[in-house]
Amino acid sequence: MDKKKLLKGSPEEDLKGFEEFIDHHSSDPNFLPRGNAPKKEVGFEHFTFITNDSTRLMKLKDLLMDNLPFASQHEQGENLIKAQQEEIALLKKNIFEICNKPESPYRTSMQEIFDSFFGPTQN
Amino acid sequence: MSLPIYQHINVKSLQLDDLKNFLNPDMNMRHPVALNLKQLEFDQQREMVGLIENFFSTNNFSYKFPYPVYLVMDQESSITQMPNAKSVEELPRFFHQKDTKMNVKESHLLGRNKLLQQELRNADAEYVETSLQKYGAIHRKVFELDKERLFYRSILNRLIKANKNG
């Protein structure tokens, strides 16, 4: 680190003894063509694509080799379906019990409808 | 080693020799394939789809992994389970890349993918397909039942609320 600082900090000292040489060639356009050379292209055009593809393949591998066999062996779906069917049956039973009470809104509405069509005529 | 970009194959006839040229076990191992059936007549396209599907099912190969095999055709998508499109432009953009020279780091990364590709290629296609279908069917049923359960629950809640309010 110290060496680098020394070099950076004293460019004039580095050129000591070369002044005449540099002055002599300063008119030559090809002398020390620094910064003119074309930069070598280092593109990573496909790097992201290949990385994404790698991730895709890895996820596929996890799905096919780990997740799918595990899900097949410990399938929860059937149990869930059974539990849901039981709950649905219970809910239906409760709904029916409420609706089947003589004073329930359902019975009252049905009674009104039937009476309006088949009930005794009012004079 | 080449980039995993679309390999476009124009299918020109239904002849067995032509089929043998492109239907092989490793056709979708290193890159996705787009089988363009548009040069065939409309009815021949359906026949070709059947032959291609038959090739994959009888040999227990998958047209979905490691890389998908797409059919580019005029027929409706409902005639096949295989991924398909009406034109090349409709194919997923992910695999549309310029085929230029790769640098060392990219080649190295691609080399690492080879093992994954091989592993996926060795998977039992029929088992995977069946398991996925079964898993999907069960979970669709769970979803439907849950919708039904929520419907009855909402009715019951409203009835209870109405009873309380008199």
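Before reading further, recall that the structure is shown in the block above.
Scoring rules and cut-offs
The written sequence of each chain sets the order in which its residues are numbered from 1. Think of it this way: whatever chain is written first is A, whatever ligand is written first is 1, and the rest follow in order. Totals for whole chains, interfaces and linings use all residues, but because this is a predicted model, local features are given only for residues with pLDDT of at least 70 and pairs of side-chain atoms are given and counted only at 80 or more. Put simply, DSSP marks the helices as runs of H or I at least four residues long and the strands as runs of E at least two long, and each gets a number from the N terminus on. Exposure is read from a count of other C-beta atoms within 10 Å of each residue's own; the residue is exposed at 12 or fewer, buried at 20 or more and partly exposed in between. C-beta atoms are placed from the backbone. Each residue is represented by a C-beta atom placed from its backbone, and any two residues with such atoms within 7 Å are regarded as in contact. Residues enter a nonpolar core if they are buried, belong to Ala, Val, Leu, Ile, Met, Phe, Trp, Tyr or Cys, and are joined to the set through C-beta atoms within 7 Å. Helix axes use the C-alpha atoms of the stretch in contact, all axes being lines fitted to C-alpha atoms, and the angles between their N-to-C directions lie in the range 0 to 180 degrees. Should an angle fall under 35 degrees it is called roughly parallel, over 145 degrees roughly antiparallel, and 65 to 115 degrees roughly perpendicular, with every other angle called oblique. Throughout, a crossing is termed right-handed when the near helix is turned clockwise from the far one, and left-handed when it is turned anticlockwise from it by less than a right angle. Gly counts as polar in this scheme, as do all residues outside two lists: the nonpolar Ala, Val, Leu, Ile, Met, Phe, Trp, Tyr, Cys and Pro, and the charged Asp, Glu, Lys and Arg. Only strands joined by at least two bridges in the DSSP assignment are considered to pair.

### A closer look at the overall build of chain B
On a plain count of helices and strands, chain B comes out with four helices and four strands. In chain B, buried positions account for 23% of the 166 residues. Put simply, of all contacts in chain B between residues at least 6 apart along the chain, 77% involve residues at least 24 apart.

### Some details on the interface of chain B and chain A
Contacts between the two partners involve 37 residues from chain B and, on the opposite side, 30 residues from chain A. Counting residues per element, the ones that place at least two in the side of chain B that touches chain A are helix H3 (104–121) and helix H4 (125–165) of chain B. Residue contributions to the side of chain B that touches chain A peak at 18 residues, all from H4 of chain B.

### Quick look at the nonpolar core
Within the largest apolar cluster, 19 residues are counted, with the highest numbers of intra-cluster contacts made by Leu-35, Leu-37, Tyr-70, Leu-71 and Val-72 of chain B. If you list the elements that add at least two residues to this core, you get strand E2 (33–36), helix H2 (42–58) and strand E3 (69–72) of chain B. Look past the residues within four positions of Leu-37 of chain B in its chain and what remains in contact with it is Val-11, Gln-45, Met-48, Leu-71, Val-72 and Met-73 of chain B. Core analysis: the next-biggest nonpolar cluster, separate from the first, contains six residues, Leu-64 of chain A together with Phe-65, Leu-120 and Val-128 of chain B among them.

### Here we look at the packing of helix H4 (residues 47–73) of chain A against H4 of chain B
Taken N-terminus to C-terminus, the directions of H4 of chain A and H4 of chain B make an angle of 55°; their axes are 10 Å apart at the nearest point. Accordingly, the angle class assigned to the pair H4 of chain A and H4 of chain B is oblique. Judged by the twist between their axes, the crossing of H4 of chain A over H4 of chain B is left-handed. On the side of H4 of chain A, the interface is formed by Leu-64, Leu-68, Ala-71 and Ser-72 of chain A, while H4 of chain B contributes Val-128, Ser-131 and Tyr-135 of chain B. Grouping the amino acids of the contact of H4 of chain A with H4 of chain B by side-chain chemistry returns five nonpolar, two polar and no charged.

### So, the sheet that holds E3 of chain B
All names here are of chain B. Overall, parallel pairing links the four strands, which are arranged E1-E2-E3-E4 in an open sheet. A single partner strand is all that each edge strand has here, and the edge strands are strand E1 (7–10) and strand E4 (84–85). Sheet topology places E3 next to E4; two bridges connect them, and they run parallel. Within E4, the position partnered with Val-72 by the bridge is Ala-85.

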